[in-house]
Amino acid sequence: MAIIETRALAKSYGKIQAVRGIDLSIEKGEIFGLLGPNGAGKTTTIGMLCTILRPSSGSASIAGYDIVNKPAEVRRNVGIVFQDLTLDTILTGIENLELHARLYGIPSVIRKARIEEMLDLVDLKDRAHDITRTYSGGMRRRLELVRGLLHRPAVLFLDEPTLGLDPQTRARIWDYIKKMAENEGITVVLTTHYMEEAEQVCDRVGIIDYGRIIALGTPEELKDSLGGYMVVMRVNDPPLDTLRGLPYVSGVALNGGMVEITMKEAHLHLPDLLSRIRNVESVETRAPTLNDVFIKLTGRDIREEYTEDTGGWVESAARYRQRGN
Ligand SMILES: Nc1ncnc2c1ncn2[C@@H]1O[C@H](COP(=O)(O)OP(=O)(O)O)[C@@H](O)[C@H]1O
Ligand SMILES: [Mg+2]
């Protein structure tokens, strides 16, 4: 049975249609990723699923509980880690977890052991008694991750769990997320604009753009849908129509000064392809990425659109007010 079901789930902020009808079915135990550019509606979707935001239309349920009619039951079943850090930096690691455990009414007899277990899971035992202001960004993230797990939720929502972290720290966090999902037997829904994150962490990915899911599948399925390898060339005045007409070519796109050709069996057909193009300055072949999938579907690049001004629902609301709307 699916642990998360959404039907035509939608949310508008005044005239802005942030989420425009999402149908998803997420199975127990999955690590599911919502991948999309800034403003796609990721945070808003998560906000509705954990009952912080009320949908404008459509419906959703978590563990069988309707998000509008049974918010208390939904909340008991979800943990959430927000895009913006919410740790209290004058408290120690252990105090932060204590505070949260009390908020969730975790009985004192099991509280201590549970906190120990969580600190162990993310290798923070040594630093548990230091105030979190002294933690690195990666350590704070790790503490946030397990804080969301303290009350043993069935579903953990992670909104941009590695935003702004350096690549090594990001990769470590990915390992922790996978370990947590496995150890705790939970379902994880994360949002990200890092395609590597979606590819390497998630069992299944929904690509979201302008409030709609435009592609859904395992990372492999999504990449396979492009139909083969990418050949990227720098060419002066490329014969685009000729290229598009070739039987082994499944896609041709111009990206900056480069021609990106998707083709089957590149190793067989590359000589023929090259014989048809003059003025090739450089050629490179590579496996497709989820960004290529996004480009094929939208004609845009996820990375180009992203600014670090990521605007969670809290931030966006603040910005929105500042604009005087
Ligand atoms: N509180 C809000 N008030 C008005 N518009 C908002 C608010 N929160 C988000 N938005 C808008 O809704 C759209 C989706 O935002 P969001 O869900 O934060 O996207 P993402 O998390 O994918 O970046 C954006 O156009 C954003 O500006
Ligand atoms: Mg967001």
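Residue positions are given per chain, counting from 1 as you read along its sequence in written order. Throughout, the order in which chains and ligands are written sets their labels, letters from A for the former and numbers from 1 for the latter. Selection of residues for local features in this predicted model requires a pLDDT of at least 70, selection of side-chain atom pairs for listing and counting requires 80 or more, and totals for whole chains, interfaces and linings are taken over all residues. Values reported for side chains reflect all heavy atoms of the structure, with hydrogen atoms and water molecules removed beforehand.

Some remarks on the overall build of the protein
Secondary structure summary: the protein contains 13 helices and 14 strands in total. A principal-axis box enclosing the C-alpha atoms of the protein has dimensions of 75 × 45 × 45 Å. Note on exposure labels: buried denotes an accessible area under 20% of the residue type's maximum, exposed denotes more than 50%, and partly exposed covers the range between, all computed with a 1.4 Å probe on protein chains only. Out of the 325 residues belonging to the protein, those deemed buried represent 50%. Contact between two residues is taken to exist if any of their heavy atoms lie within 4.5 Å; hydrogens are not considered. Considering only contacts within the protein whose residues lie at least 6 apart along the sequence, 70% involve residues at least 24 apart. Note on areas: Shrake-Rupley, 1.4 Å probe, and residue coverage restricted to the protein chains presented here. Roughly 15,500 Å² of accessible area belongs to the protein as shown, and the carbon and sulfur atoms make up 49% of that amount. In the protein, which carries 41 positive and 45 negative side-chain charges, the distance between the mean positions of the two groups comes to 6 Å. Numbered from the N terminus, helices here are DSSP runs of H or I no shorter than four residues, and strands are runs of E no shorter than two. A positive count includes Lys and Arg, and a negative count includes Asp and Glu. His and the chain ends are not counted in either. Where a charge sits is defined by one atom per residue type, namely NZ (Lys), CZ (Arg), CG (Asp) or CD (Glu).

Quick look at the side chain of aspartate 301
The residue aspartate 301 is located in the loop between α11 (290-298) and α12 (302-305) in this model. Nitrogen and oxygen atoms within 3.5 Å of one another constitute a polar contact, given that in protein one can donate a hydrogen and the other can accept it, and given that sequence-neighbouring residues count only through two side-chain atoms. Among the polar contacts made by the side chain of aspartate 301, one reaches the side chain of asparagine 291 at a distance of 3.2 Å. If near-sequence neighbours (up to four positions away) are discounted, aspartate 301 is found in contact with Asn255, Asn291, Phe294 and Ile295.

Considerations on the domain arrangement of the protein
Boundary definitions for the domains trace back to an automatic or database domain assignment. By the assigned domains, the protein splits into domain 1 (2-220) and domain 2 (227-287). If you average the C-alpha positions of domain 1 and of domain 2, the two centres end up 40 Å apart.

A short note on the sheet that holds strand β3 (residues 31-35)
Pairing in this open sheet of six strands is mixed, and the strands run β6-β7-β8-β3-β9-β10 from one edge to the other. This sheet does not close on itself; its edge strands, each paired only once, are β6 (78-81) and β10 (212-217). Between one strand axis and the next, the sheet turns by 15° as a mean value, whatever way the strands run. Convention adopted: a line fitted to C-alpha atoms gives each axis, helices being fitted over their contacting stretch, and angles between N-to-C directions are expressed from 0 to 180 degrees. In the packing of helix α6 (residues 167-184) onto the sheet, the strands contacted are β3, β7 (155-159) and β8 (187-192), and the crossing angle to β8 comes to about 160°. Across the face of the sheet, α11 comes into contact with β3, β9 (204-209) and β10 while running at roughly 40° to β9. For two strands to count as paired, DSSP must find a minimum of two bridges between them.

Brief notes about the environment of alanine 181
If you trace the backbone, alanine 181 turns up in helix α6. Taking the relative accessible area as the measure of exposure, alanine 181 reaches 9% and is therefore buried. The spatial distance from the C-alpha of alanine 181 to the C-alpha of valine 155 is 9.5 Å, given a sequence separation of 26 residues. Among residues more than four places away in sequence, those in contact with alanine 181 are Ile31, Ile186 and Val188.

Examining the packing of aromatic side chains
Put simply, two rings from Phe, Tyr or Trp (the six-membered ring, in Trp's case) pair if the centres are within 6.5 Å, and we call them stacked under 30 degrees between planes, edge-to-face over 60, tilted for the rest. Summed over the entire model, instances satisfying the criterion amount to zero aromatic pairs. Here the guanidinium or amino end of arginine 170 rests over the ring plane of tyrosine 194, the centre of that ring lying 3.8 Å away. Definition used: whenever NZ (Lys) or CZ (Arg) falls within 6 Å of the ring centre and also within 35 degrees of the ring normal, the charge is taken to sit over that ring.

Quick notes on helix α10 (residues 266-275)
Along α10, the residues that are buried comprise Ala266, Leu270 and Leu273. An end-on view of α10 places all buried positions within 75° of arc, on one side of the element. Facing away from the buried side of α10 by more than 90 degrees, the exposed set consists of Leu268, Pro271 and Ser275. Elements that come into contact with the buried residues of α10 comprise β11 (229-235), α9 (240-245), β12 (249-255), β13 (258-263) and β14 (280-286). What the arc describes is the spread of directions from the helix axis to the C-beta atoms.

What about the pairing of β10?
Bridge analysis of β9 against β10 gives five bridges, and the strand direction is antiparallel. Opposite isoleucine 208, over in β10, you have isoleucine 213 as the bridge partner. Between β9 and β10, which pair antiparallel in sequence order, lie two residues; one of them, tyrosine 210, sits at a positive phi of approximately 45°.

Some details on the nonpolar core
What tends to happen in soluble globular proteins is that the nonpolar side chains get buried as a cluster. Put simply, a nonpolar core is a bunch of buried Ala, Val, Leu, Ile, Met, Phe, Trp, Tyr and Cys residues held in one set by side-chain atoms that sit within 4.5 Å of each other. By size, the foremost hydrophobic cluster in this structure holds 47 residues, and its most contacted members are Leu35, Leu119, Leu158, Ile177, Val205, Ile207 and Leu290. Each residue touching isoleucine 177, except ones within four places of it in the same chain, is listed here: Leu145, Leu158, Pro161, Val188, Leu190 and Val201. Of all hydrophobic cores here, the second largest spans 25 residues; its members include Ile3, Leu9, Ile62 and Val189.

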